[in-house]
Amino acid sequence: RIGGATMSEADDTDVLSTLSFTISLLKVSLSVGRVVPGGLPGCAWPLLKAMFSASAAGDASGFFCLTQEKDELTLMMDQRCRAAFDEAGSVA
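Here, residues in each chain are numbered from 1, in the same order as that chain's written sequence. Since the coordinates come from a predicted model, pLDDT governs what is reported: local features require at least 70, and pairs of side-chain atoms require 80 or more to be given and counted, while whole-chain, interface and lining totals use all residues. Side-chain numbers come from the whole structure's heavy atoms, not from hydrogens or water.

**Focus: the overall build of the protein chain**
Per the convention used, a helix needs a DSSP run of H or I reaching at least four residues, while a strand needs a run of E reaching at least two, with both numbered from the N terminus. Scanning the protein chain for helices and strands turns up two helices and five strands. Starting at the N terminus and walking to the C terminus, you meet the elements of the protein chain as β-β-β-α-β-β-α. Only protein chains enter the calculation, and the probe is 1.4 Å; a residue is then buried if its accessible area is under 20% of its type maximum, exposed if over 50%, and partly exposed in between. Looking at the protein chain as a whole, 23% of its 92 residues qualify as buried. In this analysis, two residues are considered to be in contact whenever any of their non-hydrogen atoms come within 4.5 Å of each other. In the protein chain, 42% of the contacts between residues at least 6 apart in sequence involve partners at least 24 apart. Carbon and sulfur atoms make up 60% of the accessible area of the protein chain, which amounts to about 6,500 Å² in all. Note on areas: Shrake-Rupley, 1.4 Å probe, and residue coverage restricted to the protein chains presented here.

Structure representation (structure tokens):
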């Protein structure tokens, strides 16, 4: 979370809070994965679903983050976004 929270505004999950940024603990489990260049075509649909799709309950909330490194993508996602990859695994 980026913001300028003061100590009186800090949440009980905040680990560090300054005027420039806040580091908070999440209360959910996250999955971490990687995609190498040759695996990108097979991951295109789950990547799009994880980034833009709502869950079956209609809740669009979720956590998804990707980082491009020199020779791969690193993904961090919650269970809703991970489900997109699990579903695609049966057809890939």
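So, next bit.
**What to know about the confidence of the model for the protein chain**
When pLDDT is averaged across the protein chain, the result is 76; 72% of the residues are at 70 or more. The predictor attaches a confidence to each residue, called pLDDT, with possible values from 0 through 100. Contacts of residues 1-8 to residues separated by more than four positions or lying in other chains number 18 contacts, the stretch itself having pLDDT below 50.

**Brief notes about the pattern of salt bridges**
Salt bridge, as applied in this entry: a Lys or Arg side-chain nitrogen positioned within 4 Å of an Asp or Glu carboxyl oxygen. For the structure shown, the criterion picks out three salt bridges. Between Glu 87 and Lys 49 there is a salt bridge, with its nearest N and O atoms 2.8 Å apart. Of this pair, Glu 87 sits in helix α2 (residues 79-89) while Lys 49 is found in helix α1 (residues 40-52), placing the two residues 38 residues apart along the sequence. One salt bridge in this structure joins Asp 86 and Arg 82, with 3.1 Å as the shortest N-O distance. Here Asp 86 and its partner Arg 82 are both found in helix α2, four residues apart, which amounts to about one turn of the helix.

**Quick word on the pairing of strand β5 (residues 73-77)**
Residues Leu 73, Leu 75 and Met 77 point to one face of β5 and are all buried, whereas Thr 74 and Met 76, pointing to the other face, are not buried. Strand pairing requires that DSSP identify at least two bridges connecting the strands. Strand direction decides the pairing type here: strand β3 (residues 31-35) and β5, joined by five bridges, are antiparallel. The residue of β5 that forms the bridge with Arg 34 is Thr 74. Here strand β4 (residues 64-68) runs beside β5; their pairing, made up of five bridges, is antiparallel. Counterpart to Leu 66 in the pairing with β5 is Leu 75. Hairpin connection, β4 to β5: the antiparallel pair is bridged by four residues.

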